[in-house]
Each structure stands twice: as structure tokens, then as C-alpha cells.
Protein chains: 2
Amino acid sequence: MNTKANQKRQTPSRAWEDYLKIIYKLESSENLGKGVQTKELAQRLAVSQASVTNMLKKLAEEQYIDYQPYYGVSLTEAGRLVAMKMLRNHRVLETYLVARLGYSWDEVDEEAETLEHFLSDKLVERMWHDLGQPTHDPHGSPIPSIDGQIEPVQLQSLTEITLQTPVRLKWIKNRSPEELRYLASIGLHINAQIVIKNQAPFQGPLLIEVDDQHFHALDYRMALALFVEAE
Amino acid sequence: MNTKANQKRQTPSRAWEDYLKIIYKLESSENLGKGVQTKELAQRLAVSQASVTNMLKKLAEEQYIDYQPYYGVSLTEAGRLVAMKMLRNHRVLETYLVARLGYSWDEVDEEAETLEHFLSDKLVERMWHDLGQPTHDPHGSPIPSIDGQIEPVQLQSLTEITLQTPVRLKWIKNRSPEELRYLASIGLHINAQIVIKNQAPFQGPLLIEVDDQHFHALDYRMALALFVEAE
DNA sequence: AAAAAAATTTAGAGTAAGCTAATAATTTTT
DNA sequence: AAAAATTATTAGCTTACTCTAAATTTTTTT
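Computed from a predicted structure; not experimentally measured.

Rules used throughout
Residues numbered from 1 in each chain as written. Chains lettered and ligands numbered in written order. Predicted model: local features only at pLDDT ≥ 70, side-chain atom pairs only at ≥ 80, totals over all residues. Helix = DSSP H or I, 4+ residues; strand = E, 2+ residues; numbered from the N terminus. Rg over C-alpha atoms; globule rule 2.2 N^0.38 Å. Buried ≥ 20, exposed ≤ 12 C-beta atoms within 10 Å, placed from the backbone. Contact = placed C-beta atoms within 7 Å. Expected span 1.5 Å × (residues − 1). Pairing = 2+ DSSP bridges. Nonpolar A, V, L, I, M, F, W, Y, C, P; charged D, E, K, R; others polar. Axes fitted to C-alpha atoms, helices over the stretch in contact; angles between N-to-C directions. Parallel < 35°, antiparallel > 145°, perpendicular 65-115°, else oblique. Left-handed = near helix turned anticlockwise from the far one by under 90°.

1. Considering the overall build of chain A
In step 1: When its secondary structure is counted, chain A shows eight helices and eight strands.
In step 2: Over its C-alpha trace chain A gives a radius of gyration of 19 Å, about what one expects of a compact globule, namely 17 Å for 231 residues.
In step 3: Taken along its principal axes, the extent of the C-alpha atoms in chain A is 70 × 45 × 25 Å.
In step 4: Split into buried and exposed, the 231 residues of chain A put 32% on the buried side.
In step 5: Considering only contacts in chain A between residues 6 or more positions apart, those separated by 24 or more positions represent 56%.

2. Describing helix α1 (residues 14–29) of chain A
In step 1: Counted at 1.5 Å a residue, the expected span for α1 of chain A with its 16 residues is 22 Å, and the 23 Å between its end C-alpha atoms agrees.
In step 2: Every buried residue of α1 of chain A is accounted for by Trp 16, Asp 18, Tyr 19, Leu 20, Lys 21, Ile 23, Tyr 24 and Leu 26 of chain A.

3. Here's the deal with unusual backbone geometry
In step 1: Despite not being glycine, Gln 164 of chain A shows a phi value in the positive range, around 70°.
In step 2: Relative to the assigned elements, Gln 164 of chain A resides in the loop between β3 (156–157) and β4 (167–172).
In step 3: The backbone of Ala 46 of chain B sits at a positive phi, close to 55°, despite the residue not being glycine.
In step 4: Within the element layout of this structure, Ala 46 of chain B appears in the loop between α2 (38–45) and α3 (49–61).
In step 5: Judged by the 6 C-beta atoms lying within 10 Å of it, Ala 46 of chain B falls in the exposed class.

4. Topic: the sheet that holds strand β5 (residues 193–199) of chain B
All names here are of chain B.
In step 1: Across the sheet, six strands lie side by side as β3-β8-β4-β5-β6-β7; this open sheet has antiparallel pairing. Whereas interior strands pair on both sides, the edge strands pair on one side only; in this sheet they are β3 (156–157) and β7 (214–218).
In step 2: Across five bridges, the pairing between strand β6 (residues 206–210) and β7 is antiparallel. Across the sheet, residue Val 210 finds its bridge partner in β7, namely His 214.

5. Quick look at the interface of chain B and chain A
In step 1: Contacts between the two partners involve 11 residues from chain B and, on the opposite side, 11 residues from chain A.
In step 2: Among the elements of the structure, α5 (105–115) and α6 (121–130) of chain B are those that each provide at least two residues to the side of chain B that touches chain A.
In step 3: Counting residues per element, the side of chain B that touches chain A draws most heavily on α6 of chain B, which supplies four residues.
In step 4: A class-by-class count of the residues in the side of chain B that touches chain A yields five nonpolar, three polar and three charged.

6. Notes on the packing of helix α4 (residues 77–101) of chain A against helix α6 (residues 121–130) of chain A
All names here are of chain A.
In step 1: Closest axis-to-axis distance for the α4/α6 pair is 9 Å, and the angle between their directions is 45°. Between α4 and α6, the crossing angle belongs to the class labelled oblique. Our pair here, α4 against α6, has a crossing hand that is left-handed. From α4, Arg 88, Asn 89, Val 92, Leu 93 and Tyr 96 reach across to α6, where they touch Val 124, Met 127 and Trp 128.
In step 2: Looking at the contact of α4 with α6 residue by residue, the classes come out as six nonpolar, one polar and one charged.

Here it is in C-alpha cells:
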């Protein structure tokens, strides 16, 4: 009949779930609230920008996102709930694999990335109960509740992070402009991805990889001032 | 370059895996070795016959099946290996869900039907080891080994089967023609699906459902002669 | 404020898997 | 062995998601 107004939403496909999840992640790591860009999405999803535009139109039509052509997107409540479900599925599964099947933390993401889309609610709830209803994954990231509530993330100092675990820089605790400039010069801006490759003993410098591109040695005292969040 | 001869096979999509699995199941439940029919496949996969024909051409091109237009298909070794992998994934997962997450047998198939396509080898092997490397699922069906070997199925008398568990009739142990005619008249031919809905006490009659269609009461002594295999 | 650069959207196609309707081959019935 | 019924295939479309190239809009630089 009509295509616009009172339309029941389709249940999201795997592709939609991926889009919504990435929009959520980008949204919550935006500095400002200006909407998530097509370009960022294209990068994160490894598809062309044209494909993103295309998909955004569909997601907007089904009211999973608010979409202002040329000005980016943001999730609606319905979209946020889909994203939360993916995050819950992902984190519960990861926690389960580590706790019950001897996975190490770095093996776990790949598996969860696919399976998060296909786990039934029942299975996720059973794993979660079996684990003792955890509120955080072994990483420290909060697990959204079944009804989509999520605790605000706790930032951690870079010095507390496990080797090989990718994190994102969220806050730099009162540093001088000179130091900030230096940090920027090695790619350490807010939202940069950091992986600690090695940590010298006796509070020695960290060997870090920034945005999967460059390696740098980072002074321990500097690392203490960098606050990060699990990816 | 060339499209025919020495072509590396594509890795099978989910749809392909489903086709190959069903071909395997039909092949091993065929009375004769005449090849699996398009029509049967269409029914089991719940798609149109034209869609099946279409897909068969692709599967044949990739050499997962031998396909003789109009005369049905059979699996090649490559196709059989794909089917075995699905069966292993399915049965290991089912066993795991029952043993470790408190699933009951009748909840388990639905979950496994989807997930079998997305489980990594690593995860299946870990579940399998955690379970103590079982060779059979809780149902009694053999679990194929990692290299695709499967033990010939053990037939069980219908009287040994758990309530609500769908099984297929495979062998009727020396009955008179009159009895066989009677059995046929209530739909109990080889490969009929049977679900026991209830079992009266003191070796009383079984209430069975045949091919998801009709209910019948079956004498206990008759049931003793019906040999079935887990679905 | 114009020019240049970057980001976004539109236009037009491709691929995988499905469908219906029409046609062809095979099998069964008469 | 012809006719009828069944099964299988072909032809032509559809939907979901993707792509490249071209056109457009926004942002940044000069």
C-alpha cells in the first residue's frame, strides 16, 4: 500500500547489523555530535562509499537511522537496540570462549565477529548465565543488558593494558602543548588505535603500534597519561 | 582464462553447503543408487525446482557434484567432504549444547542448523575435545572425523527411541506381507519420518506421528520390528 | 570569494540466489 | 504405443548488496 509512514520494520539482515554496529561505534567515539560520515563507514566496513550511501537510504527508510544526505547519520532508538544486541552477543560469546574453551584474547574476536549475527537469544542467555551473569568481558568492556542498557565505559591508562590488545585513545590527561604536539606527530590523536607490542621492564618504555601503521617507543610516564578504551 | 578444466574450486557459500548436505542425506537414504532427484532436493530445501536446477549447474561446474541433466546428481569426493564437515559441525555443536549448556534434545537442532555454517574449525575442535572426543552425538548418530570419515549408522529398534525425536524408518525386520501392507497403509514405508509422541506403559502401544502428517497407534511388538535411524 | 580538494550522491552494472511461467524430457498409465 | 502425468530445464524477472565512473555538494585553501 503505502511505503512511507506506518511500516513495520523488516528484521535486520547481517549487512544491516554490521552497518548499525559500526555506526554505533563511530557515534560513541565521535568528538562532536555531528553525525557519522559516509567515508568513515566505508572504511570501517571495507566497502565503497557509494555502497554506504545506498545502504543508508534503506536503513533510514526502515527507521534504524536518521539520515541527512551530505550530513551524516545517527542511530534511532531501534537502530541502537540492534547495535546493542550485536555488542552483547559479541561480548558474551568472547567471554565464554575465553572462560570455557581456552581461547586466548586475541583469537576470540574473529570468531565472534561472524557468530554474533547468528547466535539465538536463548544461546546467548545460556552462556551468560553459565558465566555467572557477568557485566563486563575479560577485557573490561561492559556487556549491554538484554534490554539494551550499557554502562558508560571506564577509561584505563595505557599502562594497564595487556599486550596485543587493540585499544583506542580517548583522553590525554593534562599534558603540555609541546607534549601534545609530539604525541600528535606520532599519530596519537583522540581515537587513534594503539596496540602495545612490548613493554620494557622496570617501567621502561612501551613499544606501540599506532593505527596499524607505525611503531613508536613511548615513555612510561607519558603512557600513564594516555587513557584508552577497549575496542 | 579458461573456465572449464583446471579451475580452483571456490569455497562453498552457505547455500552450497546446504545443498551438498541435503544431497548427502538423500543419497545415503536412497534405496537404489540412481542419483538424487531435483524434486526431492527442492522439497527438502524449500525452494523451487527451477532454483535447484540452477544451483546444480554451479555445483557441477565447481565439481562438488556429478550432474547428469534429467538423471539426478551424486556427490563427488569434494562434495562429500563439505557435507561431512557440516555434519560434524552440526553434531559436535548439538552435543556441546546438550552437555554443557543444558539444552534439551529437541531445542538443539534449530540452533545447529544455522550455526553449522559459521563455526570455525578451531571452535569445533575445541568443543569436541572439551567433550572428550565423542564419536557419537547423544542421539546415537556418528560424528564424522575431522578428515571426513563416518561410521556406518547403527539402526535402532523404534522401541529404543526417545519421545519427540524424529527418526527415519530404514528396515522392517521379517514381517508378513499382510503386516507390511498394513504398515504401508499408515504411511510406514522405508524412509518415512516417525516421531514418537507417547508410549503407553507396560509395553503398551506407541502413539506415533508419520511424516508430520498423521497420528497412529502402533503395537509394541510391531514397533520392535521397525528399525530406524536418527535424522 | 574563487579555486581546489574532499566527501557524497547518482547512474548504471554485476553477482548470487531466488521466483514464475513456458517448454521439454521422462515415466506411468491406459 | 499413444496419451497423460510427472519431473526437469530454460527463459526471463526480482531482490539484496556490491562496484566504478560521473556528477554534485560541502569544506578547505588560497
